[in-house]
Amino acid sequence: MNTRHITLNVNGTDHAIEVEPRRTLADTLRDQCGLTGTHLGCEHGVCGACTIIVDDAPVRACLMFGVQAEGRLIRTVEGLADGQTLSPLQQSFWDNHGLQCGFCTPGFLMLATWLLERETMIDEAELRHVLSSNLCRCTGYQNILKAVREAAKGLGKWTESAPA
Amino acid sequence: MKPAAFDYYAPLTTEAALALLAEHGEEGKILAGGQSLVPTMAFRLARPATLIDINRIASLDFCRADDEVLRIGALTRHARFETPFLPGPLGALLADVAHNIAHTPIRSRGTFCGSLAHADPASEWCCTALTLGATMVVANHVSERRVAVADWFQSLFTTALQPDELLTEARLPLRDESWRYGFYEFNRRAGDFALAMSVVALRLEGGVVREAQIGLGGVGTTPILAKDAAAALIGQAPGEAAWGIAAELAATCFEPTEDINASPEYRRDLVRAVTKRALRKAVA
Amino acid sequence: MKWSGQRLPRLEDPALLRGEGSFTADIAIGARCVRFVRSPYASGRIVSIKPPPDMPAGTLLVTGRDVAQLGAIRPTLARFNYAAIGQPVLPLERVHFVGQAIAAVVAATPELAEDLADLVMVDIDPEAAVVDLDAAIAPGAPVLHAESPGNVLVEGKLRQPACDEAFAGATHIEELGLRSRRQNATPMEARGGCASFDRATGRVRLTASCQMPHMLRTGIATVLDMPEADLQVIAPDVGGGFGQKMALFPEYPLLVWLARRHRGSFAWIEDRNENLIASAHSRDQRHVIRGAFDADGTLRALDVDILSNVGAFSCYPITCGVEPLMALAEYPGPYKVPAYAARARGITTNTCPMAPYRGVSRPIITFGIERLMERAAQALGVDPIALRRRNLVSSFPYRTATGMTLDAASYIEAMDLAAAAADLPGFRERQAVARRAGRYLGIGFSVFNERTGYGTPAFAARSMGIVPGYEVVDIAMTPAGEVEARIGASPHGQGLRTTLAQLIADRLGMAPAQVRIVHGDTDRTPYGWGSFASRGMVIAGGACQIAADKLAERLRQAAAVVLQASAETIVLRDGQAFAGDASVPIAELARLAHQRSDIFGTPDGEGRFNLAETASYDPGGTFSNACHVAEVEVDAETGHVRIERYVVVEDAGRLINPMIADGQVHGGVAQGIASALFEEIIYAEDGNILTGSLADYLPPTAAEIPVIEIIHLETISDASITGAKGLGEGGSIGAPAAIANAISDALAPFGVDITELPATPARIRALLRGREPRA
Ligand SMILES: Cc1cc2nc3c(=O)[nH]c(=O)nc-3n(C[C@H](O)[C@H](O)[C@H](O)COP(=O)(O)OP(=O)(O)OC[C@H]3O[C@@H](n4cnc5c(N)ncnc54)[C@H](O)[C@@H]3O)c2cc1C
Ligand code: FES
Ligand code: FES
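Section: the overall build of chain A
Scanning chain A from N- to C-terminus turns up 5 helices and 5 strands. Starting at the N terminus, the α and β elements of chain A follow one another as β-β-α-β-β-β-α-α-α-α. Here the C-alpha radius of gyration of chain A, 16 Å, is about what a compact globule of 164 residues would show, namely 15 Å. Here the C-alpha coordinates of chain A stretch approximately 60 × 30 × 30 Å along the principal axes. The buried share of chain A, reckoned over its 164 residues, is 67%. Considering only residue pairs separated by 6 or more positions, chain A has 56% of its internal contacts joining residues 24 or more positions apart.

Structure representation (structure tokens):
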């Protein structure tokens, strides 16, 4: 089998691993790095369950190969909480019932973490536009939107949409 | 849903990439954003023996306005255009178009040139490039050539690009202030490939349309120019009457594809609607 | 402080939020990887299935020959002319649908397993296939199963004598043909399992993404003819099910067989393409429905003919009768139907087998009856709300035409409240203004009830070989004073760990955080059925309440001894047992009961003071109800439908956790919107599936789902001891009818209406093409 030795920096920790080039970044994180918080819902780029942050941009981890992520700064759901202390966004998901089965949750958390870290203010249209990247089958999106909206308010990043 | 095995190269220079392409020929594939290639590999509809990853070639990562053209390097991601990259109507058009391509996390990887190389008939960039008259800069290990967009799209997922060639850059002409642009697409779900789209460019002078291009995407095997529809606008005052005539001509100027989402009649219905709406947006 | 009724954040959330949940694929890491080879043909004779010439070392190929001695999956039903067909774990002779597992390969990684699966040499002689339900019952259609020459696997019929008379004397007969297209429940986590052999005990532990672990264990043990006690089934964190993960699928016995045969760990993690083509489909139905009405709109009789395409096999344990027979039993819904006739058939075709999907047939029958009400109102010139009011059941209990008892509910109140919330007169004004501007707005109502929390008697009435129903709870206190409640039910997103803890905490005067709900492990929980049919809160909740009351009584007895008071005077509150001002912590009682049984004089002669109880609950069922209102705008040029407003008036009795209840409604409505507008599994005529990816099969995103407004009513019915009614399915039941009615209302000027779902833009355009709106 043709494999490579690479080092991936995930949530600030280096993982020296051996992978086949064809192994996706999502599978690499899960199997080689033991970080199973990144989920796979489709493996063809549509569902967003595998969304992570690479070098400050949200990406589909099922559409990158592990070997491509060498030297990049990778962030996954496991890096959001500080020990047992949830990040404000995670806490908002908890307070607002933003998850049911929890399978889509890591992808939504990473997508929304990126959204909240951007410089720009967020309004309802932008929130819906960005969150339409990922699929959830349980919540009808109501409380996911609410959780991110409330977190944005808490961070002073929310703006009411300009009246139509 | 796991890709078949391949050899992987991540060259650091264009020359190295071209040498690898020359060496691997038909078996080698360029990996740019991977947002079309990797899903296809996941379904094993593509099984390239060799992947040549261009993401580490710093010299391909550029996007700038030079003289009369916007030069878009092979590593320019869709996301680059989301906040207007240029002032004026063209920047606004490209932002509007970019906003409609897939989703945020796909736009942070997918590339403009990758879209043109992949040539999905429903690609927004392909339709835009055709409408605006782009030029492709392609290179192999011995030489470089330019291909006018009119010669680029050959059939479904097929372009003028040869197996040993890399699309290093795409160029969009920068037009003067008298040009207006509009874009409209129809899809069933946010971010999906459109069932029909239209990109239009109009030059207005003295209250009438002097020049016009109307591009259509997602309706045939390649993006197409609705030439009769555009011609019908010349000399007309912008407005519903003119848009209606052009939309009618656009709806009948092509051989519609049939798929699970749309019958030929429905595709024509959609073209009528998207053309009219793109025209409206151009002068809004 | 009372915990029930509070919007308590869920106890299950923190681990899931930290990415530390444990789903089947997480547990499967390290196991040998199984990949199924699937049939490329809808119908055919297997000539041979052979390994590639150079099978790599350490790999395996399993075909039908290897497992020929295993039993078939053969659910039974004692009535309704049911043909008890069996599904082999892997077929020996024939394939019946595209995607059917025909062999399995094993390799060290999922990539290698897929490589190997691609190389297996499959030789199948294709035969004529039939995929459409009408084609399958046409004369001369290919026959799928010898047991059922006409391709009808199940048929229910009833005709009340008054029916013909009512139709003969009717002022108006409204007849309606309806089509509902095929769907896939599409949980975000696809199926999957990992079977591990324990060499020390000879047992196998199967971790599987399933909804009914105990049933899965029984089913697998039966098929493999192995001691059930040698199998442990675990449902870990499950990424949604919606009915799709109820059935016993052939993949699971095969995994357990592999683990036993090769004494190792074997995992199959389904990919999305497999899930879309080969898990289970639903809702492929055609109905013809006729209503006999008086001039004033009173419904005198209803006559329905239901065809359900159940696919190639029958789902275990509930059988392929689940869709057609539910439609037959529940078509009248919340309406008074004095005379009823129905015929319902389950048709087998060369397609993926049917399994229940949230709401099962009710989204379609609600679509049917609610379109009927609208059409009749239009034909008779009666206001559709008034027509419904005339026909809705309003005094309870009410015995339906099919013998079910409707308990106290709020059908009319919910509808009136919804109409008020929707501001009907205001909407009609806006609609008129918009129409003049060439914009088409519409409003649609759907009134329905949802049979929930039904136990053994209801299932027994269906005459299935296996009769689910009851739930058992074993409750016990640890020496440190925490409560463990072991439930047979198996939640996957419904938040039962929280709501049941709320219920129990109130009965014991403790905090929910001190109550652990143990579920999803056949070794640690009593036999039970699972989470489906909106039953968790009613049945498992009821059993928990009974068990907690029994445990509370024991605590009071213990406290009576410690505080030297009489048990009746003891009050459990805030983690303490009080006798007047004197108190003892419940945790201290727990310690004493376990470690100082001597002081209690072992009241029940057990040699210890037992702080453990068992309880079960098996109710007859209770009906929750709701009214949904959708406001839409239809783009007449593209056929696109935009939902402008969505209102739900929901009556699910007492709400133990309103936040979780709302979440269930939200998710259900989103799935209902998906059924109404977006999702459709499409087969080509040759039986190939054209919607094998999430780019073709279209679950809606946050951009398509509108704000969902919810108003609660709380009718307390004595049919549920907790006062809670189920509400897991209501959202998806009500939405298709509300949306279909709203689109029909919007398109009224064109003289067309919606009789086929999903109402895709292409279908809407096809209705409108060539038509001009009337002024
Ligand atoms: C869920 C989803 C939705 C999407 N929706 C849309 C949409 O609505 N509209 C849309 O336009 N696209 C959509 N896409 C596709 C996306 O925009 C891709 O990014 C784009 O089509 C290809 O760009 P890429 O850089 O990702 O190319 P890749 O996937 O890396 O490559 C695509 C093909 O082009 C070749 N190639 C790439 N770059 C070059 C080059 N410089 N020279 C020579 N050959 C090259 C590759 O060898 C390959 O054959 C979607 C993708 C996904 C996963
Ligand atoms: S798993 Fe990556 S997008 Fe679905
Ligand atoms: S919470 Fe289950 S898929 Fe989103």
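Structural notes on the sheet that holds strand E4 (residues 63-66) of chain B
Residues and elements named next belong to chain B. Sheet architecture is open: 5 strands sit in the order E4-E5-E10-E6-E7, paired in antiparallel fashion. Sheet topology places E4 and strand E7 (144-148) at the edges, where each strand pairs with a single neighbour. Averaged over all adjacent pairs, the angle separating strand axes in this sheet is 25°, with direction ignored. Two elements, E4 and strand E5 (residues 69-73), share 4 bridges in a ladder whose sense is antiparallel. Note on E5: the bridge partner recorded for Ala65 is Leu70.

Let's talk about the sheet that holds strand E14 (residues 224-225) of chain B
Backbone hydrogen bonds hold the strands of a sheet together, and the pairing may be parallel or antiparallel. All names here are of chain B. Pairing is antiparallel across the open sheet formed by 4 strands, whose spatial order is E11-E12-E13-E14. Of all the strands in the sheet, just strand E11 (179-186) and E14 have a single pairing partner and so form its edges. Bridge analysis of E11 against strand E12 (residues 196-205) gives 8 bridges, and the strand direction is antiparallel. The partner of Glu185 across the bridge, within E12, is Met197. Those strands touched by helix H6 (residues 124-132) are E11, E12, strand E13 (208-217) and E14, and its axis lies near 30° from that of E12.

Section: the domain arrangement of chain A
All names here are of chain A. Looking at chain A, the domain boundaries give domain 1 (4-78) and domain 2 (88-154). Placing a centre on the C-alpha atoms of domain 1 and another on those of domain 2 gives a separation of 21 Å. On the side of domain 2, 14 residues touch domain 1, which itself brings 18 residues to the contact. When domain 1 packs against domain 2, close to 1200 Å² is buried across both sides, 63% of that on carbon and sulfur atoms. For Arg75, the salt bridge is made with Glu117, and the minimal N-O distance between the two is 2.8 Å. Taken together, the connections running from domain 1 to domain 2 amount to 7 residue pairs in polar contact (both at pLDDT 80 or more). Elements that contribute at least two residues to the side of domain 1 that touches domain 2 include exactly strand E3 (51-54) and strand E4 (57-60). Across the side of domain 1 that touches domain 2, the residue classes break down as 9 nonpolar, 6 polar and 3 charged.

Considerations on the site of ligand 1
Taken together, 31 residues lie near ligand 1, and Ile30(B), Gly34(B), Ser36(B), Thr111(B) and Glu124(B) sit nearest. At the site occupied by ligand 1, the surrounding residues belong to chains A and B. Taking Lys29(B), its side chain carries an N or O atom lying 3.3 Å from an oxygen atom of ligand 1. Against a free-state accessible area of 950 Å², the protein chains account for coverage of 95% of ligand 1. Secondary structure elements with two or more residues in the shell around ligand 1: strand E2 (28-31), helix H5 (112-118) and strand E10 (166-173) of chain B. Looking at which element gives the most residues to the shell around ligand 1, the answer is H5(B), with 4 residues. Residues of the shell around ligand 1, tallied by class, amount to 15 nonpolar, 13 polar and 3 charged.

The rules behind each value
Residues numbered from 1 in each chain as written. Chains lettered and ligands numbered in written order. Predicted model: local features only at pLDDT ≥ 70, side-chain atom pairs only at ≥ 80, totals over all residues. Heavy atoms only, no water. Helix = DSSP H or I, 4+ residues; strand = E, 2+ residues; numbered from the N terminus. Rg over C-alpha atoms; globule rule 2.2 N^0.38 Å. Buried < 20%, exposed > 50% of the residue type's maximum accessible area, 1.4 Å probe, protein only. Contact = heavy atoms within 4.5 Å. Pairing = 2+ DSSP bridges. Axes fitted to C-alpha atoms, helices over the stretch in contact; angles between N-to-C directions. Domains from an automatic or database assignment. Buried area = accessible area lost by both parts, 1.4 Å probe. Salt bridge = Lys/Arg side-chain N within 4 Å of Asp/Glu carboxyl O. Polar contact = N/O pair within 3.5 Å; in protein donor to acceptor, adjacent residues only side chain to side chain. Nonpolar A, V, L, I, M, F, W, Y, C, P; charged D, E, K, R; others polar. Near = heavy atom within 4 Å. Areas by Shrake-Rupley, 256 points an atom, 1.4 Å probe, with all protein chains shown as cover.

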